[in-house]
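Descriptive structure summary
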Amino acid sequence: MDSSLYVAKTGLNAQQTRMTVIANNLANVNTVAFKRDRAVFEDLLYLNIRQSGGQTGADSEAPTGFMLGTGTRVVASEKIQTQGNMISTENALDVAIQGPGYFQIVQADGTLSYTRDGSFKLSAEGELVNPAGLLLQPQIVIPQEASSVTVGTDGIVSVELANGGGNQEIGQLQVARFLNPAGLEAMGQNQFKETASSGAPILLVPGEQGAGDLVQGMLEASNVNVVEELVTMIETQRAYEVNSKAISAVDSMLRFLNNNL
């Protein structure tokens, strides 16, 4: 196969992968706390035909080299961790993080996952759980006699007891920070898990040591910008077309050689 055909093929594959990333971003434009992905490209190995600085004569050397690239590939999809807009829900159990940090969720196997989706619900026992029914960590249990729930910006959860029972503090929410949040592994269901790249979680009180504040009655929207994604989609489509035209051009050149030589 002609090497230029292979190079153009890698371009097609890379742009197709980038389009998949864009499609996933657009599909999640209304997903609570979704963080958009960005495809990261790298060039492939080079064929070093002539070494830069190599001897071209007894007293001369090549000022430049002659290297042919072999194409490109998508090497990573990076999560862009910018803050999404705040959406008012007027639901006391909806809590958004304004700034860095993640809520901790206990998985069925006892491990922890991390999420910025604060659309919490109550279990049959009055425990705060995520939409999938998994427990929030630290555990918060709302008493049956509670008439209202308040979550402070510092994570302190208190309830107003019915029949004049007064105000009672029932727990403290924490947020986890990571040195490299882009290194978290997406699990689906708006959850992430710790990896060696993300580093270990740093548990903090909301609003302290760089952790975000909590905002009750709000949810964080997806940080996908539809206009930006559409522009990127057009750019990707054009790049795909150009690589496709390169393959057609090489095919025409090879056909000419076969027919005329």
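Presented here is an overview of the structure given in this document. Each chain has its residues counted from 1, following the order in which its sequence is written. For this predicted model, a pLDDT threshold of at least 70 governs which residues receive local features, and a threshold of 80 or more governs which side-chain atom pairs are given and counted, while totals over whole chains, interfaces and linings are taken from all residues. To obtain the side-chain values, all non-hydrogen atoms of the structure were used and water was disregarded.

1. What about the nonpolar core?
Across soluble globular proteins, nonpolar side chains show a tendency to be buried alongside one another. The term nonpolar core refers to a set of buried residues drawn from Ala, Val, Leu, Ile, Met, Phe, Trp, Tyr and Cys, joined through side-chain atoms within 4.5 Å. Under the scheme applied here, a residue whose accessible area is under 20% of the maximum for its type counts as buried, over 50% as exposed, and between as partly exposed, the area being computed with a 1.4 Å probe on protein chains only. Within the largest apolar cluster, 21 residues are counted, with the highest numbers of intra-cluster contacts made by Phe103, Phe120, Leu136, Leu173 and Leu214. Runs of H or I in DSSP of at least four residues are treated as helices and runs of E of at least two as strands, each being numbered from the N terminus. Of all the secondary-structure elements, those providing two or more residues to this core are strand S8 (95-98), strand S9 (103-106), strand S14 (146-151) and strand S15 (156-161). In terms of residue count, the dominant contributor to this core is S15 (three residues). Leaving out residues up to four positions away in the same chain, leucine 214 has contacts with Val95, Ala96, Ile97, Phe103, Val151, Gly152, Thr153, Gly155, Leu173, Val175 and Pro206. Tyr102, Tyr114, Leu184 and Phe192 belong to the second-largest nonpolar core, a separate cluster that totals six residues. Contacts were defined at the residue level, with two residues in contact if any of their heavy atoms lie within 4.5 Å.

2. Notes on the pattern of salt bridges
Within this document, salt bridges are pairs made up of a side-chain nitrogen of Lys or Arg and a carboxyl oxygen of Asp or Glu, the two lying within 4 Å of each other. The full count for this structure, using the stated rule, is 11 salt bridges. A salt bridge links arginine 38 to glutamate 78; the shortest N-O distance between them is 2.5 Å. Taken as a pair, arginine 38 in strand S1 (residues 37-43) and glutamate 78 in strand S6 (residues 72-79) lie far apart in primary sequence, 40 residues in all. On the basis of relative accessibility, which here comes to 39%, the residue arginine 38 falls in the partly exposed class. Residue glutamate 220 pairs with arginine 116 through a salt bridge whose shortest N-O separation is 2.8 Å. Residue glutamate 220 is located in strand S22 (residues 218-220), and its partner arginine 116 is located in the loop between strand S10 (112-115) and strand S11 (121-122); the two are separated by 104 residues in the primary sequence. Residue class for arginine 116 comes out buried when judged on its relative accessible area of 6%. Through salt bridges with shared partners, a single ionic network connects Lys35, Arg116 and Glu220.

3. Some words on a nonpolar patch on the surface
Patch criteria: residues need more than 30% relative accessible area and no salt bridge. Like-charged residues are merged within 9 Å; nonpolar side chains of Val, Leu, Ile, Met, Phe, Trp and Tyr are merged within 5 Å. Here, Shrake-Rupley sampling with a 1.4 Å probe gives the accessible areas, and only protein chains in the shown set may cover a residue. On the surface, Leu47, Ile49, Phe66 and Leu68 cluster together into a nonpolar patch covering about 360 Å² of accessible area. Listed by contribution, the elements that provide at least two residues to the nonpolar patch are strand S2 (46-50) and strand S5 (66-69). Locating leucine 47 in the fold gives a position in strand S2.

4. A closer look at the environment of glycine 171
Position of glycine 171 relative to the elements: it lies in strand S16 (residues 166-172). A relative accessible area of 17% means that glycine 171 is categorised as buried. Spatially, the C-alpha atom of glycine 171 lies 24 Å from that of methionine 86, the residues being 85 residues apart in sequence. Here glycine 171 is in contact with Ile140, Gly155, Ile156 and Val157, once residues within four sequence places are set aside.

5. Digging into the packing of helix H1 (residues 3-27) against helix H2 (residues 226-260)
In this description, a line fitted to the C-alpha atoms serves as the axis of each element, helices being fitted only across the stretch in contact, and the angle between N-to-C directions of two axes falls anywhere from 0 to 180 degrees. Running from N to C, H1 and H2 point in directions that differ by 160 degrees, and their axes come no closer than 9 Å. Looking at the two axes, H1 sits roughly antiparallel to H2. Between H1 and H2 the crossing geometry is left-handed. Three residue categories are used. Nonpolar comprises Ala, Val, Leu, Ile, Met, Phe, Trp, Tyr, Cys and Pro, charged comprises Asp, Glu, Lys and Arg, and polar comprises the others, including Gly. Taken together, the residues that form the contact of H1 with H2 break down as 14 nonpolar, 10 polar and four charged. Oblique is the label for any angle not covered by the other classes, which are roughly parallel (under 35 degrees), roughly antiparallel (over 145) and roughly perpendicular (65 to 115). It is the rotation of the near helix from the far one that decides the hand of a crossing: anticlockwise by less than a right angle makes it left-handed, clockwise makes it right-handed.

6. A look at the sheet that holds S16
On the basis of which strands lie adjacent, the open sheet formed by three strands has the order S14-S15-S16 and antiparallel pairing. Two strands in the sheet have a free side with no partner beyond their single neighbour: S14 and S16. Along the sheet, successive strands turn relative to each other by an average axial angle of 25 degrees, direction set aside. Any two strands are treated as partners once DSSP identifies two or more bridges connecting them.

7. Section: the packing of aromatic side chains
Only rings of Phe, Tyr and Trp enter the pairing, Trp through its six-membered ring, and a pair is recorded when the two centres are within 6.5 Å. The plane angle decides the type: under 30 degrees is stacked, over 60 is edge-to-face, the rest tilted. Evaluated as defined, the whole model comprises four aromatic pairs. The interplanar angle of 70 degrees and the centroid separation of 6.0 Å between the aromatic rings of tyrosine 102 and phenylalanine 192 together place this pair among those described as edge-to-face. Of this pair, tyrosine 102 sits in the loop between S8 and S9 while phenylalanine 192 sits in strand S19 (residues 191-193), and the two are 90 residues apart along the sequence. On the basis of relative accessibility, which here comes to 8%, the residue phenylalanine 192 falls in the buried class. Plain terms: the ring middles of phenylalanine 103 and phenylalanine 120 are 5.1 Å apart, the flat faces sit at 80 degrees to each other, and that makes the pair edge-to-face. Taken together, the residues phenylalanine 103 in strand S9 and phenylalanine 120 in the loop between S10 and S11 connect sequence positions 17 residues apart. Here phenylalanine 103 falls in the buried class, since its relative accessible area comes to 0%. According to the relative accessible area criterion, phenylalanine 120 is buried, its value standing at 2%. Ring-pair connections join several aromatic residues into one group, and the members of that group are Tyr102, Tyr114, Phe178 and Phe192.

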